[in-house]
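Structural overview
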Amino acid sequence: MSLLQVKDLNKSYQTDTKVLKNINFSAGTGEFLSVIGPSGAGKSTLLRCINRLVQADKGEILFGGQDLLKLRKKELRAARTNIGMIFQHYNLVPRLTVIENVLHGRFGYKSTLQGVLGRFSEEEKERAFYLLEKLGIEAHAYKRCDQLSGGQQQRVGICRALIQNPKLILCDEPIASLDPHSSKVIMDHLKSISEEMGITCIVNLHQVEVAQSYSDRIIGLNNGSIVFDGSNFQLDQLYIKRVYGMETRELITV
Amino acid sequence: MDSVYLKRDKAGRINIKAGNRVNSVINWTVLSLTLLTVTAFLFFDYTGLEIGRAIMETAVNLRTMFLQPSLNHFSWGEALFQVGVTISLAVIATILGAVIAFFLALWSAVNLANKWVSKSIKIFVAFIRAVPTVLWVLIFAIAAGLGSEAAILGMLFHSIAYLVKAFSEAFEEVDKGMLEALRSTGSGWWHTIVHAVLPSTSTYLLSWTFLRFEINFSVAVAMGAAAGAGGIGFELFMASGFYFDLREVGFITYAILLVAIVLEVASTHLKKRYFSS
Ligand SMILES: Nc1ncnc2c1ncn2[C@@H]1O[C@H](COP(=O)(O)OP(=O)(O)OP(=O)(O)O)[C@@H](O)[C@H]1O
Ligand SMILES: [Mg+2]
């Protein structure tokens, strides 16, 4: 059974131009799914529609048996705890420590008062340290986030998503601001998250090679429509041309 | 041939300023104000005024005021107490104002609050700000009577308006991605405020509050005189307008100056200590 099912999703920011047109796809448990496509194709919009950071116009997003688009405020908060998100620019609170930023991932489980007072249980803190250790940054736990390198900050972002105990992680260009080595570290971590923890990952990527070597499945988006949906070896020159409008050798590849 | 967008002035030189109109309006304003000032001097009533003697006497007065300051109508202890009263007026108005302004600013920052709520608060607050503090004090004096209550209410009112603008602008500068990240984890609104917005803006909030406190101190001095709010301002008013005691005026001026300097030093010190990073 698939964990996430997107049906006939439509979205436009201004009334005349459609950013997403009748998007249909599904993702299974533990699947590693990449979304590729040229700039402005609507990749970020697609991810943001799933956890409703932007409001879709039409369609259904079935996640764990409920339609996310129909949820009210409180139910939405509860549903969001099951969906982690990782951002290109990490989006940590720079003046707070690493451990504090990781614990922010628990707010979805807390009442207003508990959260505002910053009450976290010992288990939660232990779990945070366990995750930091797993990603190899426990030495920085008490540093302020603005003192960390980009790759380290992204790992904090991953910890913040993982401490939510999510079933699904959305990654919007997680390696676009990183050097090749840090990129590999991050992608390896994401891959092991999906394989070992059985968490579904949907990753927006700009590098076709990276998408091909890590993904179970690739979705190609062009101008708001899905033009490719299949496994990485099915993505041949013809489809790449359809997605990007040109051949691989014309693209700058890593 | 010049491009269509290129503009030259009458002498044929290329303009580098955008609007000629704005410049000429400014020039005309300055010119007419100068003319008005000069003509005003011509129409003053100068009977019985001898410029030489007037300057001499002013100099003598200033000398008595600032070189021989002394206290005649009240003691050192009392002076200190009165300065304390003025500072307390400023402290109350500033702290209450900052707390209230903090909440109003949250509702009026466009990235945190409903668009319409934010707009209404901003318009309301702009209206309050447009009226000077002194006027607010006099308006509140209708209900509360002249005195410290009216002074505090008026100062509070204007402080709130001032700080709401400053605070909400600080909140609006908060990185949008940070708020999105917290929302995506399922955090509630208050969680985001306390754990992302506050840590990112606290230094700005504190330095704006301190700046407002300095303003409120000088306003409190003026209010002591104008609205009978008590404190050192009232003593200054009595010394100058009632007893014509130049030495005491000098003393009080020095006292106010001293407090202002202490405040300035304290605020710079605090900023260095806590806001450095
Ligand atoms: N907040 C917004 N308001 C209006 N239009 C937007 C907004 N966000 C995105 N768009 C438009 O929607 C389209 C798709 O944008 P989106 O960010 O989803 O593209 P993308 O595939 O993520 O591109 P990139 O690879 O450059 O990140 C673009 O044409 C963009 O101009
Ligand atoms: Mg994008």
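Rules used throughout
- Residues numbered from 1 in each chain as written.
- Chains lettered and ligands numbered in written order.
- Predicted model: local features only at pLDDT ≥ 70, side-chain atom pairs only at ≥ 80, totals over all residues.
- Heavy atoms only, no water.
- UniProt positions renumbered as here; feature names shortened; annotations may be inferred.
- Helix = DSSP H or I, 4+ residues; strand = E, 2+ residues; numbered from the N terminus.
- Pairing = 2+ DSSP bridges.
- Axes fitted to C-alpha atoms, helices over the stretch in contact; angles between N-to-C directions.
- Domains from an automatic or database assignment.
- Contact = heavy atoms within 4.5 Å.
- Buried area = accessible area lost by both parts, 1.4 Å probe.
- Salt bridge = Lys/Arg side-chain N within 4 Å of Asp/Glu carboxyl O.
- Polar contact = N/O pair within 3.5 Å; in protein donor to acceptor, adjacent residues only side chain to side chain.
- Nonpolar A, V, L, I, M, F, W, Y, C, P; charged D, E, K, R; others polar.

In the annotation of an unreviewed UniProt entry, the entry for chain B reads Phosphonate transport system permease protein, and the organism field reads Cytobacillus purgationiresistens. Looking at the Sequence similarities (unreviewed entry) heading of the UniProt record, one finds this comment for chain B: "Belongs to the binding-protein-dependent transport system permease family." Heading Subcellular location (unreviewed entry) of the UniProt record for chain B holds this comment: "Cell membrane".

Taking an unreviewed UniProt entry as the reference, chain A is identified by name as Phosphonate transport system ATP-binding protein belonging to Cytobacillus purgationiresistens.

Per the UniProt record, the feature "domain: ABC transmembrane type-1" (unreviewed entry) sits at residues 83–267 of chain B. Helix makes up 86% of residues 83–267 of chain B and strand makes up 0%, while its end C-alpha atoms are separated by 18 Å.

A few words on the sheet that holds strand β9 (residues 217–222) of chain A. Residues and elements named next belong to chain A. Taking strand neighbours across the sheet as the criterion, the six strands line up as β6-β7-β8-β3-β9-β10 in an open arrangement whose pairing is mixed. A single partner strand is all that each edge strand has here, and the edge strands are β6 (83–86) and β10 (225–230). Geometrically, the sheet is characterised by an average inter-axis angle of 15° between neighbouring strands, direction not taken into account. Bridging between β9 and β10 involves five bridges; their strand directions are antiparallel. Counterpart to G220 in the pairing with β10 is F228.

In terms of domains, chain B is made up of domain 1 (3–65) and domain 2 (74–274). Of note, the centres of domain 1 of chain B and domain 2 of chain B, computed from C-alpha atoms alone, are 34 Å apart.

Moving on to the interface of chain A and chain B. If you look at the interface, chain A gives 28 residues, while chain B gives 22 residues. Summing the contributions of chain A and of chain B, the shared interface buries around 2,000 Å²; its carbon and sulfur component is 57%. The interface formed by chain A and chain B holds one salt bridge in total. Salt-bridge contacts for R48(A) lead to E180(B); the nearest nitrogen and oxygen are separated by 2.6 Å. If you look at where chain A meets chain B, you find eight residue pairs in polar contact (both at pLDDT 80 or more). If you list the elements that add at least two residues to the side of chain A that touches chain B, you get α2 (73–80), β6 and α4 (112–117) of chain A. Element by element, the count of residues in the side of chain A that touches chain B is highest for α4(A), at three residues. Residue classes in the side of chain A that touches chain B are distributed as 10 nonpolar, 11 polar and seven charged.

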